[in-house]
Amino acid sequence: MTVQTEVKTYFNYINGEWVSSVTNEVEASINPANKNEVVGYIQRSSIEDLNEAVAAAKRAQKSWRKRSGVERGEYLYRAADILERRLEEIAETMTREMGKTFGEAKAETMRGVHILRYYAGEGVRKIGDVIPSSDNEALMFTTRVPLGVVGVISPWNFPVAIPIWKMAPALVYGNTVVLKPASEAAVTAAKVMECFHEAGFPKGVVNMICGPGSVIGQGIANHPDINGVTFTGSNTVGKLVGKAAFERGAKYQLEMGGKNPVIVAKDADLDLAVEGTINGGLRSTGQKCTATSRVFVESEVYETFKEKLLAKVKQLKIGNGMDSETWMGPCVSEAQLNTVLSYIEKGKAEGADLIYGGKRCIEGEFANGFYVEPTIFENVDINMTIAREEIFGPVLALIKVHSIEEALELANDTEYGLSASIYTKDISNILSFINEIEAGLVKVNAETAGVEFQAPFGGMKQSSSHSREQGQAAIEFFTSIKTVLVKA
């Protein structure tokens, strides 16, 4: 067992101060590439801690909302500069804490920098419109006002980008924030919060509480002084959060799961389609809500596509994300690894043909990590579990189809509607896909995973509460419209 010294304990951030939980309990955040390595200790907080953070945010919001958008944006610019300066350090922490490769972690951290700068610029953009009045002696216009205190519940798979794309618009539009990061990536979140602290945000404007989702996450959803809740995570938890917020009249935003399809037409550039399927489905060990899961391939090119896919997947190097040659790291935790393995067993038990991978990696350097092989099934029926439920791991299901119409029908046969892509050169296929696919993010000749930070992001059906994050669309959630009439 690895012996470590001076492993740091990370505290909650409340009212501009780093404080321990009133429980005096901590839990270890471990490296999924080596379960014997502790990355840091995080607080295991209570409702009392949450109440203190919410009270601080509520006090601070009164003066924060009175600052101009330009002034609020200046704080975000400073946070962006600090995050960029610490990019490699924070990216390394991310890799050690949740397993994605160092290259991916650096790209995500840089994305956080760009998001902060984008929303800093939002501070100078318009927040209303002048509306003609039937009274020629009156002025009528709209403006936007902040919600108040916003609770942010973020997942472990994007521990820099997702908290920032929620916090940055909330802050620039005049809200204060209480962040509850996922425990599996809370050390990374704490380092992001250090950037906000160094940027000099006024006390109470930004707060962070670590602890169990059943306590802190649900506590945010239930809290009477939290005016808006933005959540990214599983459907099961998201619905509990949404129900609690709805019942007390708070605004809520839910981004949840996906079962994202790729359609490969017979006229597709198969090399491009293979590359997009692999990147979309297996990067970050398949731990993305937009990850490719189901691959519908027209029968005329099915065998050729499969051969090319297998040849490429066999070349992928699994290993520690800090190794520059590693293409795919471990699952984030033993629990997530076991979930992925259980779905693989269900796929085999229900009659799908496992044609590659499917096993835990346990030899040599893999012995102490949570590694699983990239996994490919074929002869998958649309009603099988692996074709219906989100796996959140590196598992692809190949499904042969005889037409684009059949592919679209099967692709839409799911409760989810987050992202989807098609590979084709036929404009008719492209237009049919754009018009008929039931997904909030639609791509042509590009992978399902990922969306640019300046574009709206969100899903349809059970993937979302039908609001949108990112881009200028974020203002719709984080503010309310106020209509004003001034009579001369």
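Residues numbered from 1 in each chain as written. Predicted model: local features only at pLDDT ≥ 70, side-chain atom pairs only at ≥ 80, totals over all residues. Heavy atoms only, no water.

Draft legend 1. Spotlight on the packing of helix α4 (residues 102-122) against helix α5 (residues 161-172). Here α4 crosses α5 at 10°, and the two axes come no closer than 9 Å. With respect to α5, the element α4 is oriented roughly parallel. Facing Glu 108, Arg 111, Gly 112, Ile 115, Leu 116, Tyr 119, Ala 120 and Glu 122 of α4, the residues of α5 in contact are Ala 161, Ile 164, Trp 165, Ala 168, Pro 169 and Val 172. Of the residues that constitute the contact of α4 with α5, the class distribution is 10 nonpolar, one polar and three charged. (Axes fitted to C-alpha atoms, helices over the stretch in contact; angles between N-to-C directions. Helix = DSSP H or I, 4+ residues; strand = E, 2+ residues; numbered from the N terminus. Parallel < 35°, antiparallel > 145°, perpendicular 65-115°, else oblique. Contact = heavy atoms within 4.5 Å. Nonpolar A, V, L, I, M, F, W, Y, C, P; charged D, E, K, R; others polar.)

Draft legend 2. View of the pairing of strand β11 (residues 251-255). The pairing of strand β10 (residues 228-232) with β11 spans five bridges and is classified as parallel. Following the sheet pairing, Thr 232 is matched in β11 by Glu 255. As for the winding sense of the linkage, the β-α-β connection from β10 through helix α8 (residues 235-247) to β11 is right-handed. (Pairing = 2+ DSSP bridges. Right-handed = clockwise from strand over helix to strand, strands pointing away.)

Draft legend 3. A look at a nonpolar patch on the surface. Side chains of Ile 427, Leu 431, Ile 434 and Val 442 sit close together on the surface and give an oily, nonpolar patch of about 340 Å² of accessible area. Counting residues per element, the nonpolar patch draws most heavily on helix α14 (residues 427-436), which supplies three residues. As for its position among the elements, Ile 434 is in helix α14. Of the residues examined, Ile 434 reaches a relative accessible area of 43% and is grouped as partly exposed. (Patch = residues over 30% accessible without salt bridge, like charges linked within 9 Å, V, L, I, M, F, W, Y side chains within 5 Å. Areas by Shrake-Rupley, 256 points an atom, 1.4 Å probe, with all protein chains shown as cover. Salt bridge = Lys/Arg side-chain N within 4 Å of Asp/Glu carboxyl O. Buried < 20%, exposed > 50% of the residue type's maximum accessible area, 1.4 Å probe, protein only.)

Draft legend 4. How the structure looks around the nonpolar core. Core analysis: the biggest nonpolar cluster contains 68 residues, and Leu 76, Leu 116, Tyr 119, Met 167, Leu 171, Phe 196 and Phe 201 have the highest contact counts within it. At nine residues, the largest contribution of residues to this core is made by α5. Setting aside chain neighbours within four positions, we find Phe 196 in contact with Leu 76, Leu 116, Met 167, Leu 171, Phe 201 and Val 206. Judged by nonpolar contacts, the second largest core, of 33 residues, contains Phe 296, Leu 341, Ala 387 and Ala 411. (Core = buried A, V, L, I, M, F, W, Y, C linked by side-chain atoms within 4.5 Å.)

Draft legend 5. Region of interest: empty space enclosed by the protein. Here the structure, examined in full by the defined rule, presents two cavities of 30 Å³ or more. If you add up the space inside the largest cavity, you get close to 90 Å³. Forming the walls of the largest cavity are 14 residues, and the residues nearest its centre are Ala 291, Ser 293, Glu 390, Ile 391 and Phe 392. Partitioned by chemical class, the residues of the lining of the second largest cavity number seven nonpolar, five polar and four charged. (1 Å grid on protein atoms, 1.4 Å probe; cavity = no way out; pocket = protein on both sides within 12 Å on 5 of 7 lines; lining within 4 Å. Points joined across faces, edges and corners; volume = space filled by probe spheres on them.)

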